[in-house]
Amino acid sequence: MDFEELIELARDSYVGQFAHFADVQAKAHPGGVAEVKLEVSVEAGLYRSLYCADYMTGPAEDDAPQIVELSPDEEVAFDPIVVTLNELEMTVEALDWHEMNLSLTGAPETLQGLEAWFETWFDPEDRNVDLDSRFSGHIHSLLVDADHLHVDFGTAPVQALIDLLLLIEMNGCTAVRLF
């Protein structure tokens, strides 16, 4: 299995579990909504203080809506692999779609193009909504921590990860570890 097939498998596994999770939550909380974008406290450390909750319950009598997050039961398991993208060497240890960690070697202080990538794949203003799709097709969060990125890819397509890896490579990073 090659790298792109692994990414597809990781994404498909997560989105399948997400669909089941959303169905269960909708039955338990009929007034609720999947994939709700929120502005959170700066202390949370999330990029632009934006976050997409997996599910927000609807108000029930005196209760305020609650956020419910999916904890996937299954992850794609594989032996670590090394993949090269132009000049970028990638060590891939895990592909947890909802909780992907990337450690960058040779990263500049600021990744050029990250803002545009976030605008596309988080889509804060919901400008690119596919009304025929059940889910948003967007990432759920991004945290930038020095030379580490932490991404919840949510229901975003594989292209979101590929675009991020290309951006990392274009910024002159020499290596990235996905774990």
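A.B. asks: When you look at the sheet that holds strand β7 (residues 141-145) in this model, what are you seeing that I'm missing?
C.D. replies: Pairing between the strands of a sheet comes from backbone hydrogen bonds, and it takes one of two forms, parallel or antiparallel. Strand order in the open sheet formed by six strands is β4-β5-β9-β6-β8-β7, and the pairing between neighbours is mixed. Strands at the two margins of the open sheet, each flanked by one partner only, are β4 (81-85) and β7. For this sheet, the mean angle separating the axes of adjacent strands, direction not counted, is 20°. Here β4 runs beside strand β5 (residues 88-92); their pairing, made up of five bridges, is antiparallel. Looking across to β5, one finds that V83 is bridged to M90. Across the sheet, helix α1 (residues 3-28) is in contact with β4, β5 and β8 (148-152); its angle to β4 comes to roughly 110°.

A.B. asks: Explain the side chain of D54 here, please?
C.D. replies: Here D54 is to be found in strand β2 (residues 50-56). D54 has contacts with Y14, F18, F21, V33, A34, E35, V68, E69, L70, H140 and D152, leaving out every residue within four places of it along the chain.

A.B. asks: What is the right way to read the sheet that holds strand β3 (residues 67-68) from this model?
C.D. replies: Ordered in space as β1-β2-β3, the three strands form an open sheet in which the pairing is antiparallel. Looking at the sheet topology across the chains shown, the edges are occupied by β1 (33-39) and β3. Relative to β3, β2 runs antiparallel, the two sharing two bridges. Directly across from Y55, in β3, lies its bridge partner V68. This element, α1, spans β1, β2 and β3 of the sheet and lies at about 60° to β2.

A.B. asks: In this structure, what is going on with the packing of aromatic side chains? I would like to understand it.
C.D. replies: We describe a pair of aromatic rings using the distance from one ring centre to the other and the angle between the two ring planes. For the structure on display, the rule yields seven aromatic pairs. Ring plane angle 35° and centroid distance 6.0 Å describe the contact between Y14 and F18, whose orientation is recorded as tilted. Of this pair, Y14 and F18 both sit in helix α1, four residues apart, roughly one helical turn. The two residues Y14 and F18 agree in class, both being buried. Where F118 meets F122, the ring centres are 4.9 Å apart and the plane angle is 5°; that geometry is what we call stacked. For the pair F118 and F122, one class covers both residues: buried.

A.B. asks: Honestly, the pattern of salt bridges in this entry has me stumped. Any pointers?
C.D. replies: Pairs can form between side chains of opposite charge once their charged atoms are near each other. One pass over the full model with this rule turns up six salt bridges. Across the pair D12 and R11 runs a salt bridge whose closest N-O atoms are separated by 4.0 Å. Its salt-bridge partner being R48, residue E115 comes within 2.6 Å of it at the nearest N-O pair. Residue E115 is located in helix α2 (residues 114-121), and its partner R48 is located in the loop between β1 and β2; the two are separated by 67 residues in the primary sequence. A network of salt bridges, in which partner residues are shared, links R48, E115 and E119.

Reading the values: rules and limits
In this convention, every chain numbers its residues from 1, walking through the sequence in written order. In view of the model being predicted, local features appear only for residues whose pLDDT reaches at least 70, and side-chain atom pairs are presented and counted only at 80 or more, with totals across whole chains, interfaces and linings using the full set of residues. The side-chain values count all of the structure's non-hydrogen atoms but skip hydrogen atoms and water molecules. Strands qualify as paired when DSSP identifies two bridges or more between them. For helices the rule is a DSSP run of H or I covering at least 4 residues; for strands it is a run of E covering at least 2, with both sets numbered from the N terminus onward. The convention used is that axes are lines fitted to C-alpha atoms, helices contributing only their stretch in contact, and that angles between N-to-C directions extend from 0 to 180 degrees. Contact between two residues is taken to exist if any of their heavy atoms lie within 4.5 Å; hydrogens are not considered. Only the six-membered ring of Trp is used, alongside the rings of Phe and Tyr, when aromatic pairs are assigned; centres must lie within 6.5 Å, and planes under 30 degrees apart are stacked while those over 60 apart are edge-to-face, with the rest tilted. Partly exposed describes any residue whose relative accessible area lies between the buried limit of under 20% and the exposed limit of over 50%, with all areas from a 1.4 Å probe on protein chains only and scaled to the type maximum. Salt bridges are identified by distance alone: a Lys or Arg side-chain nitrogen within 4 Å of an Asp or Glu carboxyl oxygen.

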